[in-house]
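# Geometric and topological summary
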Amino acid sequence: MSLGTYLIYFALLLIIPLWAQSKVKSTYKKYSKKATSSHMSGAQVARKILDDNGLYDVQVQETKGVLTDHYDPRKKVVRLSSGNFHGQSMSASAIAAHEVGHAIQDAEEYAFLKFRSALVPAASFGSNTAIFVIIGGFLFDQMNLVLLGIIFMAAAVLFQLVTLPVEFNASSRAMTQLVTTGIIQNNEERETKKVLDAAALTYVAAALVAVAELIRFILMYVASND
């Protein structure tokens, strides 16, 4: 690739994630100012959906930070950032329901979630070491090392790709639960969905960047062997 092509490529790798993060933050901020008609806090939303699905053993806890919300499958805990734990906004309800969606996936042994969990060791190793192995291979003209690094990177990329259906499914479950439990009304569905869709953008952006990087190194490997 020419210098200009490289510059455009790296600009896109930088712009896509930044755009996704900006979209998430702006959407979250906007709907954090709009309360739901139920006036339930994120913690109450999470607890109600968990109980309605028979997940009485899953705890709901407050955690520090902003948008640090997550579900811990090892300890069976839904952790909500302070703003969402106490907040009564559409953002708080959407994010709380999304994390509970992961708890429901876990309880139902959702296939993609199990597959993603199984990929964690390989993906973690790949994301931490692949680039160094690839660079080392090119520096010392050892194409076997480059190929090995690409394989490591592929494991991390596969993890990113499997994450997409896991996150989309959790958001779909969240919307269903919010509506069926009456936490949000029909006129609130569209705005709540905007929060969930914006959050999904970060995972889509991460997957796009990961795939682009993998393709770039594969093409470099092929070109070096011509």
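None of the values given here were measured: they were computed from a predicted structure.

In this section: unusual backbone geometry. Generally, phi is negative for residues other than glycine and the peptide bonds are trans, each holding for most cases. The backbone of H39 sits at a positive phi, close to 55 degrees, despite the residue not being glycine. Position of H39 among the secondary structure elements: in the loop between helix 1 (3-31) and helix 2 (42-52). Assessed through its relative accessible area of 47%, H39 is described here as partly exposed. The residue D141 is not glycine, and still its phi comes out positive at about 55 degrees. Here D141 is to be found in the loop between helix 5 (111-139) and helix 6 (143-180).

To continue, consider the packing of aromatic side chains. Counted by the stated rule, this structure contains two aromatic pairs. Between Y110 and F112 the ring centres are 6.0 Å apart and the planes differ by 50 degrees, which places this aromatic pair in the tilted class. Given a relative accessible area of 38%, F112 falls into the partly exposed group. When the centroid spacing of 5.0 Å and the interplanar angle of 85 degrees are considered together, the rings of F125 and F152 count as edge-to-face. Residue F125 is found in helix 5, and its partner F152 is found in helix 6; the two are separated by 27 residues along the sequence. The ring of Y110 is capped by R173, whose NZ or CZ atom sits 5.6 Å from the centre of that ring. Over the face of the ring belonging to F217 we find R216, whose NZ or CZ atom lies 4.5 Å from the ring centre.

By rolling a water-sized probe across the atoms, one finds the places where empty space is left. Here the largest pocket defines a volume of roughly 730 Å³. For the largest pocket, the lining is made up of 29 residues, of which D69, H98, E99, E167 and Y203 are closest to its centre. Along the lines of polarity and charge, the residues of the lining of the largest pocket split into 15 nonpolar, eight polar and six charged. Of the pockets and cavities examined, the second largest pocket occupies roughly 310 Å³. Considering the residues around the second largest pocket, the lining is formed by 15 residues, among which S127, M153, A156, A210 and E213 are closest to the centre. Of all the elements in the fold, those that place two or more residues in the lining of the second largest pocket are helix 5, helix 6 and helix 7 (189-224). Class assignment for the residues of the lining of the second largest pocket results in 11 nonpolar, three polar and one charged.

A word on the sheet that holds strand 1 (residues 59-63). Spatially, 1-3-2 is the arrangement adopted by the three strands of the open sheet, whose pairing is mixed. Each edge of the open sheet carries a strand with a single partner, namely strand 1 and strand 2 (70-72). When strand polarity is set aside, the average angle formed by the axes of neighbouring strands in this sheet is 30 degrees. Of the pairings in the sheet, the one linking strand 1 to strand 3 (residues 77-81) comprises five bridges and is parallel in character.

Counting 30 residues, the largest nonpolar core has I49, L50 and V78 as the members making the most contacts within it. Elements represented by at least two residues in this core include exactly helix 1, helix 2, strand 3, helix 4 (90-107), helix 6 and helix 7. The greatest single-element share of this core, amounting to eight residues, is contributed by helix 4. Setting aside residues up to four positions removed in sequence, I49 forms contacts with A97, V100, I104, Q177, L178 and I183. Counting residues in hydrophobic clusters, the runner-up holds 11 residues, among them A130, M153, F217 and Y221.

What follows covers the pattern of salt bridges. Following the criterion strictly, the structure yields 10 salt bridges and no others. Between R74 and D72 there is a salt bridge whose closest N-O contact spans 3.6 Å. On the basis of relative accessible area, R74 is assigned to the exposed category, the value being 75%. Residues joined by salt bridges that share partners form a network here, namely D72, R74 and R79.

Our next topic: the packing of helix 5 against helix 6. The geometry of helix 5 relative to helix 6 is characterised by a closest axis approach of 6 Å and an angle of 150 degrees between their N-to-C directions. The hand of the helix 5/helix 6 crossing is left-handed. The residue makeup of the contact of helix 5 with helix 6, split by class, is 25 nonpolar, six polar and two charged.

Rules behind the numbers
Residues numbered from 1 in each chain as written. Predicted model: local features only at pLDDT ≥ 70, side-chain atom pairs only at ≥ 80, totals over all residues. Heavy atoms only, no water. Helix = DSSP H or I, 4+ residues; strand = E, 2+ residues; numbered from the N terminus. Buried < 20%, exposed > 50% of the residue type's maximum accessible area, 1.4 Å probe, protein only. Phe/Tyr/Trp six-rings, centres within 6.5 Å; stacked < 30°, edge-to-face > 60°. Lys NZ or Arg CZ within 6 Å of the ring centre and 35° of its normal. 1 Å grid on protein atoms, 1.4 Å probe; cavity = no way out; pocket = protein on both sides within 12 Å on 5 of 7 lines; lining within 4 Å. Points joined across faces, edges and corners; volume = space filled by probe spheres on them. Nonpolar A, V, L, I, M, F, W, Y, C, P; charged D, E, K, R; others polar. Pairing = 2+ DSSP bridges. Axes fitted to C-alpha atoms, helices over the stretch in contact; angles between N-to-C directions. Core = buried A, V, L, I, M, F, W, Y, C linked by side-chain atoms within 4.5 Å. Contact = heavy atoms within 4.5 Å. Salt bridge = Lys/Arg side-chain N within 4 Å of Asp/Glu carboxyl O. Left-handed = near helix turned anticlockwise from the far one by under 90°.

None of the figures reported here should be taken as evidence of function without further support.
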